[in-house]
Amino acid sequence: SLERTMEIKGADSASYNGTWRVLALADGRVLVSRARPAAIQLYDSEGRFVREIGHEGTGAEEFVSQPTLAMKGDTLIAFDGIQSRMILFALDGRFIRSFHVAVRGSPIPIAVDRRGYVRVQQKYGMFGDTLSRLQWVYYTMRGAPVDSIGRPPLPAMKNWPVLDGTRSMMFGVPFSPDLGNAFLLDGTLIYGVGNRFEFIATRTGRDTARIFGRSDVAPVPIPAAFVDSTMEQLTNMQVLLKTVAKRSDIPANYPLWNSMAVDDKGYLWVSVGIRGRTPVSFSIFAPEGRYLGMVPSWFDRVDWASFAGDHIAYVGYDKDRRAVLRIYQLDRRGK
């Protein structure tokens, strides 16, 4: 249930939740990462703005791109993917140190595993590869690489390539199934493709520890009129798409699910549905893969949320299309 809505300092009607990242802390405080100008904001447990941590720039304690966030104890870890720089702060804003890693891009998810290593996601493979390839590299808090795990290659999301002069652009085919990944607390990688309600668990990236999912989820057809209007909007936005975009490339059905995440108790949450088009809910699985049930969802994608105890933090919109921070109360007793 929605517990409270908090204002985000600097948010305006042009903002949207894709440009904000949130990290909920166990004591009720919340960190929000901003894209332009790049910075990190700290809010107390009552939703009051406390301070900004770090700021935009090219120095050792500054960001060029929006940082992604993780916590280890009382230390905030911020990753600037454009500079390939990991920056450590105390929550009072004090800079601790920074180091470079061999990963580049933005925004790149990071996390701290049970061993205390920082896990950084890395894409690899040739541009235009028909398979989507990912690996995760683990670093110490001093920047030494210590381990890695790769996800088996999966069919890449279909794109429409457009050449505008000397610039090459890729447009994702609407309603194509997403590729999802999440890590259980013991380091097991869970992955799957959104057109199948099936998830694979691997401990090494080369083995299959188990396969689980649901067989009772029926596909929902995409209305033909909605496909037509989507095609029209896209080709009006980028006229060069008219030469490559084919209506037949668009799937007949909505994806069965769109994202996944593991909460801080170890349960796997899977987002089902598209808000405004199909009913939205979460399917929840125990760490061993047992299906626990379904709960209605207030928001579309669980991978943009942050879990902390019995609370979920999520950046959404108010009636003026301004980004706001919403805190949800999670009742794990099932009442």
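Data block above holds the structure.
To start, this report covers the structure provided alongside it. (Residues numbered from 1 in each chain as written. Predicted model: local features only at pLDDT ≥ 70, side-chain atom pairs only at ≥ 80, totals over all residues. Heavy atoms only, no water.)

**Some words on the pairing of strand E5 (residues 49-53)**
- The pairing of strand E4 (residues 39-43) with E5 spans 4 bridges and is antiparallel. Bridge assignment links Ile40 to a residue of E5, and that residue is Ile53.
- Between E4 and the antiparallel strand that follows it, E5, lie 5 residues; Gly47 among them carries a positive phi value of about 90°. (Pairing = 2+ DSSP bridges. Helix = DSSP H or I, 4+ residues; strand = E, 2+ residues; numbered from the N terminus.)

**Points about the packing of aromatic side chains**
- Inspection of every chain in the model, using the stated rule, returns 18 aromatic pairs.
- Ring geometry for Trp136 versus Phe183: centroids 5.1 Å apart, planes at 85°, classification edge-to-face. In this pair, Trp136 sits in strand E14 (residues 131-139) while Phe183 sits in strand E18 (residues 179-183), placing the two residues 47 residues apart along the sequence. Note on accessibility: Trp136 and Phe183 belong to one class, buried. (Phe/Tyr/Trp six-rings, centres within 6.5 Å; stacked < 30°, edge-to-face > 60°. Buried < 20%, exposed > 50% of the residue type's maximum accessible area, 1.4 Å probe, protein only.)

**Observations regarding the sheet that holds E5**
- Strand order in the open sheet formed by 4 strands is E2-E3-E4-E5, with antiparallel pairing between adjacent strands. Every interior strand has two partners, whereas the edge strands, strand E2 (20-24) and E5, have only one. Between one strand axis and the next, the sheet turns through 20° on average, direction left out of account.
- As paired elements, E2 and strand E3 (residues 30-34) share 5 bridges and run antiparallel to each other. Looking at E3, one finds that Arg21 is bridged to Ser33. (Axes fitted to C-alpha atoms, helices over the stretch in contact; angles between N-to-C directions.)

**Quick notes on the sheet that holds strand E27 (residues 311-317)**
- Across the sheet, 4 strands lie side by side as E1-E28-E27-E26; this open sheet has antiparallel pairing. Two strands in the sheet have a free side with no partner beyond their single neighbour: strand E1 (2-7) and strand E26 (306-308). Put simply, the sheet's adjacent strands are angled 25° from each other on average, direction ignored.
- Both E27 and strand E28 (residues 323-329) contribute to a ladder of 7 bridges, which runs antiparallel. From the neighbouring strand, Tyr317 faces E28, where its bridge partner is Ala323.

**Remarks on the side chain of Asp318**
- Tracing the backbone shows Asp318 in the loop between E27 and E28.
- Assessed through its relative accessible area of 17%, Asp318 is described here as buried.
- Within the structure, Asp318 has its side chain in polar contact with the backbone nitrogen of Arg322 (distance 2.8 Å). (Polar contact = N/O pair within 3.5 Å; in protein donor to acceptor, adjacent residues only side chain to side chain.)

**What to know about the environment of Asp263**
- Looking at the secondary structure, you find Asp263 in the loop between strand E22 (259-262) and strand E23 (268-272).
- Under the relative-accessibility criterion, Asp263 is labelled buried at 2%.
- It is 9.1 Å that separates the C-alpha atoms of Asp263 and Ile312, two residues lying 49 residues apart in sequence.
- Apart from residues lying up to four places away in sequence, Asp263 is in contact with Leu185, Trp269, Phe307 and Arg332. (Contact = heavy atoms within 4.5 Å.)

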